[in-house]
Amino acid sequence: MSEDFIIEEKSDDFYMQLALREAAKAYQAGEVPIGAVVVKDERVIARSWNQVETLKDATAHAEMLALTSAQSVVGDWRLEGCTIYVTKEPCPMCAGAIVHCRPDKVVFGVSDPKGGAAGGWINLLDSNPPLNHKCEVVRDVMKEECLSIIQQFFREARAKKKAARDTAKQECSKDCCDSEKDDSSVCLFSPFLCEHKFLDKALVIEQVTTATLRQ
């Protein structure tokens, strides 16, 4: 981002930048980098980041945690007069919670055509037939920045997974697959990753079972 890039304070971009700071916290913690803030009367009253792995809680999405925090601040489960800023389109769980909390507006960065519930896949915030509350929705605010951090996270995750597979292949080759002298040997380390003996898992189990019975 250019050093002379200026975000007007109190604009949607300004508050989305704050949500991106929360997403960066999730990124540093190894979580899918999504962040959220709740604003009321031009003041941030709650902020959070995705903590599913940290808390071992499938419901610990950034929006859910921010909603709970905001309710504590206002002293009511109704978040009337509030705006929620989140870096990625809310999922069905979060969108359902937003409907129940009744904020005025939801602003998000990047759409989710496969699982978004604010118009990407389905729309719970402006449904037909309508639910008991309808939110104004603003899309694509700082879209590129919100998308970039998510793409970077998954790019690195794929690279780590590939490195782990490559390491497993090397260990398999070293520990199990170099014994060409013994044709009866079976690679038990990882039959799917073995580069020298492409053995079906069922065949491995059968051979091991047969060898055990013969003893």
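Residues numbered from 1 in each chain as written. Predicted model: local features only at pLDDT ≥ 70, side-chain atom pairs only at ≥ 80, totals over all residues. Heavy atoms only, no water.

1. What to know about the overall build of the chain
Scanning the chain for helices and strands turns up six helices and five strands. Written out in order from the N terminus, the α and β elements of the chain read α-β-β-α-α-β-α-β-β-α-α. Sorting the 215 residues of the chain into buried and exposed places 39% on the buried side. In the chain, the proportion of contacts linking residues at least 24 apart, taken out of those at least 6 apart, comes to 54%. Surface accessibility of the chain: about 12,700 Å² in total, with carbon and sulfur atoms responsible for 51%. (Helix = DSSP H or I, 4+ residues; strand = E, 2+ residues; numbered from the N terminus. Buried < 20%, exposed > 50% of the residue type's maximum accessible area, 1.4 Å probe, protein only. Contact = heavy atoms within 4.5 Å. Areas by Shrake-Rupley, 256 points an atom, 1.4 Å probe, with all protein chains shown as cover.)

2. Digging into the confidence of the model for the chain
Considering every residue of the chain, the mean pLDDT works out to 84; 77% of them sit at 70 or more. A low-confidence stretch, residues 1-5 (pLDDT under 50), is modelled with three contacts involving residues beyond four sequence positions or located in other chains. In the predicted structure, residues 208-213 sits below a pLDDT of 50 and forms one contact with residues beyond four places in sequence or in another chain. (pLDDT = per-residue confidence, 0-100.)

3. Looking at unusual backbone geometry
The residue D41 is not glycine, and still its phi comes out positive at about 55 degrees. Mapped onto the fold, D41 is located in the loop between strand 1 (35-40) and strand 2 (43-49). Residue classification places D41 among the exposed residues on the basis of a relative accessible area of 68%. Unlike most non-glycine residues, E42 shows phi in positive territory, near 65 degrees. Structurally, the position occupied by E42 is in the loop between strand 1 and strand 2. Its relative accessible area of 51% is what places E42 among the exposed residues.

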